[in-house]
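These are the residues of each chain, in order.
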Amino acid sequence: MNWEQLLSLRRKGDVNKRIRNEQNETRLGFDVDYDRIIFSAAFRSLQDKTQVIPLSKTDFVHTRLTHSLEVSVVGRSLGRLAGQKILEKHPHLSEIHGYKFNDFGAIVAAAALAHDIGNPPFGHSGEKAIGEYFKNGNGRFFKEHLRPKEYQDIIDFEGNANGFKLLTQDREGVSGGLRLSYATLGAFMKYPKESLPKKPTKHISDKKFGFFQTEKEAFMDVAQDLGLIQTRNGSDVSFARHPLTYLVEAADDICYTIIDFEDGINLGLISEDFALEYLIKLVKDSINTKKYNTLEYKEDRISYLRALAINTLIQDAVSIYMDNEENILNGTMDTSLMDKSKYDAQIRDIISLSVEKVYKDQEVIEKEIAGYKIIADILEVYTDALVKKRDLTASNYHHLLLETLPEFYRKTDLSLYEILLNTCCYVASLSDSSAVHIHNKITGKQL
């Protein structure tokens, strides 16, 4: 893969190539990507979606929105630092084509901002709940009516694939979704493959999948324009990652490792004593002990340690990235950057403690259980109504139900797969509170 092609400013529908040297420096194309994501309805819904604690009653806890903003900030720093070194290594990118280190930061920041945009309510358990309904719940009936990859899309419903759909899908009068640059879309795609074969190798990009069958054509258009390397022959679509995806992933890894840990301490789920003990190897070279000892309040002490720890991991990630740039460009980098970190043991210890004390907290588990039931019930009601309308067997009750759906999701002149997938995507679009509210309405618990 080559950087000039990977940094494509092209957007869907473009007739002519967008040239970096001809860009308006006051509003660069990659900056436009960031703005379009920020102003999208899908991004706004993240303000009430779970990061760790579902439906938390405290204002302190991170939501998907605050998490995404923080990942974007870290991603911007990673992109700028790496971009500076990439331009030093490949000077023709700046001398001939006009690329600047801020371009790399802008691409990674935009992709990182959108990285969770397709995630359902109730955290990662929401993805599993959608899949479970079609795999082991009443939705398993549909298996015999779908192609294998269509069924796999649904039983392994994937927030990353739904994110790509949100960013690229056509709507009446709106072609290409948000019409982001192909460079940003490429950096967004953590798993540039379809749902089958499932985990064919241990390569990091084969861990999950990145697009539904409905977006296969859009995905191929982006992958081919960017010059991504095809990793499998035959009918199964699979490509190597866009190199900047590794930085987007690292930003996410750094944030959830350190910030979920910080949330746990501030919520009292993890003792403050663990903060310095677990973070000391990350901050020992940069901590100002005198300053730390003057901080009177716990939140300030934890915030100071968090900032130092994140900076340490950013510098480490960029160093790993440049050491492995050749492997990344030829598609043979098979792990995440942080898996190669010299702080890997400390990262694993922090995550392990967060899992034990935060992710498995009784409140979290109880709300995830409720989320499974809520999502299954919503899917049951709407898939039944939509399919019956398609088959011309819908009752008045079914027609009334469909009036409660947003107009975009009411269409039934589609294949069965498209109807089911659209229903899954509707559920995924809901915030935690909206899902609870709709469930109460359709089950008659609330008028």
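Residues numbered from 1 in each chain as written. Predicted model: local features only at pLDDT ≥ 70, side-chain atom pairs only at ≥ 80, totals over all residues. Heavy atoms only, no water.

1. A few points about the overall build of the protein chain
Right, on to step 1. Scanning the protein chain from N- to C-terminus turns up 21 helices and 0 strands.
Right, on to step 2. When its C-alpha atoms are laid out on the principal axes, the protein chain stretches across 70 × 55 × 40 Å.
Right, on to step 3. Evaluated residue by residue, the protein chain yields a buried proportion of 55% over its 447 residues.
Right, on to step 4. Intrachain contacts of the protein chain at a sequence separation of at least 6 include 73% that bridge at least 24 residues. (Helix = DSSP H or I, 4+ residues; strand = E, 2+ residues; numbered from the N terminus. Buried < 20%, exposed > 50% of the residue type's maximum accessible area, 1.4 Å probe, protein only. Contact = heavy atoms within 4.5 Å.)

2. Looking at the nonpolar core
Right, on to step 1. Ranked by internal contacts, the top residues of the largest apolar core, which has 91 residues, are W3, L78, F219, L244, L282, Y321 and L337.
Right, on to step 2. The dominant element in this core, judged by the number of residues it contributes, is helix α15 (residues 298–323), at 13 residues.
Right, on to step 3. Not counting residues up to four positions away in its chain, the partners in contact with L282 are I258, A309, T312, L313, Y343, Q346 and I350.
Right, on to step 4. By size, the runner-up hydrophobic cluster in this structure holds 42 residues, among which are I155, I375, L379 and L416. (Core = buried A, V, L, I, M, F, W, Y, C linked by side-chain atoms within 4.5 Å.)

3. Some remarks on the UniProt feature "domain: HD" (unreviewed entry) in the protein chain
Right, on to step 1. The feature "domain: HD" (unreviewed entry), as annotated in UniProt, sits at residues 64–257 in this numbering.
Right, on to step 2. Helix makes up 54% of residues 64–257 and strand 0%, with an end-to-end C-alpha separation of 15 Å. (UniProt positions renumbered as here; feature names shortened; annotations may be inferred.)

4. Notes on the domain arrangement of the protein chain
A common way to report how large an interface is uses the accessible area buried once the components associate.
Right, on to step 1. Parsing the protein chain into structural domains produces domain 1 (3–119 + 243–358) and domain 2 (121–156 + 361–446).
Right, on to step 2. Measuring from the centre of the C-alpha atoms in domain 1 to the corresponding centre in domain 2 gives 32 Å.
Right, on to step 3. Each side of the interface is counted separately: domain 1 has 15 residues, and domain 2 has 18 residues.
Right, on to step 4. Both sides together, the interface formed by domain 1 and domain 2 hides about 1,300 Å², and carbon and sulfur atoms give 52% of it. (Domains from an automatic or database assignment. Buried area = accessible area lost by both parts, 1.4 Å probe.)

5. Looking at the pattern of salt bridges
Right, on to step 1. Counted by the stated rule, this structure contains 32 salt bridges.
Right, on to step 2. Put simply, R64 and D116 hold a salt bridge, and the shortest N to O gap is 2.7 Å. Of this pair, R64 sits in helix α4 (residues 64–89) while D116 sits in the loop between α6 (101–113) and α7 (124–135), and the two are 52 residues apart along the sequence. In this pair, the class of R64 matches that of D116, namely buried.
Right, on to step 3. Across the pair R348 and D344 runs a salt bridge whose closest N-O atoms are separated by 2.9 Å. Linking R348 with D344, this pair stays in helix α17 (residues 344–359), spanning 4 residues, or about one helical turn.
Right, on to step 4. Put simply, R20, E25, K100 and D103 are held in one network by salt bridges that share partners. (Salt bridge = Lys/Arg side-chain N within 4 Å of Asp/Glu carboxyl O.)

6. Here's the deal with helix α20 (residues 416–429)
Two residues of an α-helix separated by three or four positions point the same way, owing to the 3.6 residues in each turn.
Right, on to step 1. Compared with the 20 Å implied by 1.5 Å per residue over 14 residues, the 20 Å span of α20 between its first and last C-alpha is a close match.
Right, on to step 2. With 12 of 14 residues buried, α20 lies mostly within the body of the structure.
Right, on to step 3. For α20, the full list of buried residues reads L416, Y417, I419, L420, L421, N422, T423, C424, C425, Y426, V427 and A428.
Right, on to step 4. Residues of α20 that are buried sit in contact with α7, α8 (148–155), α9 (159–168), α18 (362–390) and α21 (432–442). (Expected span 1.5 Å × (residues − 1).)

7. Overview of the packing of aromatic side chains
Right, on to step 1. Here the structure, examined in full by the defined rule, presents 14 aromatic pairs.
Right, on to step 2. Plain terms: the ring middles of F164 and F219 are 6.3 Å apart, the flat faces sit at 75 degrees to each other, and that makes the pair edge-to-face. Here the residue F164 occupies a position in helix α9, and F219 occupies one in helix α11 (residues 216–226), the gap between them amounting to 55 residues.
Right, on to step 3. A network of ring pairs unites the aromatic residues Y133, F134, F141 and F142 as a single cluster.
Right, on to step 4. If you follow R171 out to its NZ or CZ, it ends over the ring of F408, 4.2 Å from the centre.
Right, on to step 5. The ring of Y246 carries R241 above its face, with NZ or CZ at 4.9 Å from the centroid. (Phe/Tyr/Trp six-rings, centres within 6.5 Å; stacked < 30°, edge-to-face > 60°. Lys NZ or Arg CZ within 6 Å of the ring centre and 35° of its normal.)

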